[in-house]
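Here are the chains, one letter per residue:
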Amino acid sequence: MTSLKEPHKSTSRFELIKNWIRIHSHEKLTVDKVANVFQMTPVYLTQLFRTNEGTTTIHFINAIKIKQAQELLLTTDKPVKEIAYDLSFSNEKYFLRVFKQLTSVTPTNFRNSYSKTYLNNIDVDPDIPKPHKTTE
């Protein structure tokens, strides 16, 4: 019976780790820092990410940061450099490299290509109920 609870326990702990990373993604995050917070070794943490997400810890962290960068690019007029520093990238060039690696476009091209479609995105705009026809 305890063997059934252990996977659930490790899965919920892993979800806590992922949520903690999402919450703290604006900070300078390293594998060591995350591992220390959750009192585990960096090697074990990366093993958890490989097993549960099919990726490394740092790749997961960067993917979360780039997702936030995309949102900032589309919803603010902040310069790319400021967004990079807001998300605690060590420098703008590293941010540009990671962004292009994960999205296949530069941040500026992303902003220019998607800003118009983002405004009409159903995930962002609330549903507005259609008015009912009234018969008079």
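Bear in mind the structure is a predicted one, so any value in this text is a computation, not a measurement. (Residues numbered from 1 in each chain as written. Predicted model: local features only at pLDDT ≥ 70, side-chain atom pairs only at ≥ 80, totals over all residues. Heavy atoms only, no water.)

**Brief notes about the packing of aromatic side chains**
Summed over the entire model, instances satisfying the criterion amount to 7 aromatic pairs. Measuring from centroid to centroid gives 4.8 Å for Phe14 and Phe49, while their planes differ by 65°, and the two rings are edge-to-face. Of this pair, Phe14 sits in helix H1 (residues 2–23) while Phe49 sits in helix H3 (residues 42–53); the two residues are 35 residues apart in sequence, bridging distant segments of the chain. Neither residue differs from the other here; Phe14 and Phe49 are each classed as buried. Where Phe89 meets Tyr94, the ring centres are 5.8 Å apart and the plane angle is 50°; that geometry is what we call tilted. Relative accessible area serves as the criterion here: at 25%, Tyr94 is assigned to the partly exposed category. Among the aromatic residues, those joined into a ring-pair cluster are Phe89, Tyr94, Phe95, Phe99 and Phe110. The ring of Phe89 is capped by Lys65, whose NZ or CZ atom sits 5.6 Å from the centre of that ring. (Phe/Tyr/Trp six-rings, centres within 6.5 Å; stacked < 30°, edge-to-face > 60°. Helix = DSSP H or I, 4+ residues; strand = E, 2+ residues; numbered from the N terminus. Buried < 20%, exposed > 50% of the residue type's maximum accessible area, 1.4 Å probe, protein only. Lys NZ or Arg CZ within 6 Å of the ring centre and 35° of its normal.)

**Details of the packing of helix H4 (residues 57–75) against helix H6 (residues 92–103)**
A pair of packed helices is captured by two measures, namely the crossing angle of their axes and the spacing between those axes. Closest axis-to-axis distance for the H4/H6 pair is 10 Å, and the angle between their directions is 95°. The angle between H4 and H6 falls in the class roughly perpendicular. Two secondary-structure elements touch here, H4 through His59, Asn62, Ala63, Ile66, Ala69, Gln70 and Leu73 and H6 through Tyr94, Phe95, Val98, Phe99, Leu102 and Thr103. Residue composition of the contact of H4 with H6, grouped by class: 9 nonpolar, 4 polar and no charged. (Axes fitted to C-alpha atoms, helices over the stretch in contact; angles between N-to-C directions. Parallel < 35°, antiparallel > 145°, perpendicular 65-115°, else oblique. Contact = heavy atoms within 4.5 Å. Nonpolar A, V, L, I, M, F, W, Y, C, P; charged D, E, K, R; others polar.)

**Some thoughts on the confidence of the model for the protein**
Across the protein, pLDDT averages 84, with 76% of residues at or above 70. Highest mean pLDDT in the protein belongs to helix H2 (residues 31–37) (96); lowest belongs to H1 (74). (pLDDT = per-residue confidence, 0-100.)

**Structural notes on the side chain of Arg111**
Note on placement: Arg111 falls in helix H7 (residues 107–119). Although Arg111 is buried, it makes no salt bridge; Asp77 carries the closest opposite charge, 5.7 Å away. A polar side-chain atom of Arg111 sits 2.7 Å from the main-chain carbonyl oxygen of Leu73. Of the polar contacts made by the side chain of Arg111, one reaches the backbone oxygen of Lys78; its length is 2.8 Å. (Lys, Arg positive; Asp, Glu negative; His and termini not counted. Salt bridge = Lys/Arg side-chain N within 4 Å of Asp/Glu carboxyl O. Polar contact = N/O pair within 3.5 Å; in protein donor to acceptor, adjacent residues only side chain to side chain.)

**A few points about H4**
Taking 1.5 Å of rise per residue, the 19 residues of H4 would be expected to cover 27 Å, and the 27 Å separating its terminal C-alpha atoms lies within 8% of that figure. Listed as buried for H4 are Thr57, Phe60, Ile61, Asn62, Ile64, Lys65, Ile66, Ala69, Leu73 and Leu74. (Expected span 1.5 Å × (residues − 1).)

**Description of the nonpolar core**
With 16 residues, the main nonpolar core has Ile17, Ile21, Val34, Met40, Leu45 and Phe49 as its most contacted residues. Residue assignment for this core shows that the elements contributing at least two residues are H1, H2, H3 and H4. Counting residues per element, this core draws most heavily on H1, at 4 residues. In this structure Ile21 touches Leu29, Val34, Phe49, Phe60 and Ile61, once residues within four positions along its chain are discounted. Leu73, Leu74, Ile83 and Leu87 belong to the second-largest nonpolar core, a separate cluster that totals 13 residues. (Core = buried A, V, L, I, M, F, W, Y, C linked by side-chain atoms within 4.5 Å.)

**Thoughts on unusual backbone geometry**
At Gln39, a residue that is not glycine, the phi angle is positive and equals roughly 50°. Relative to the assigned elements, Gln39 resides in the loop between H2 and H3. Backbone geometry places Ser104, a non-glycine residue, at a positive phi of 70°. Note on placement: Ser104 falls in the loop between H6 and H7.

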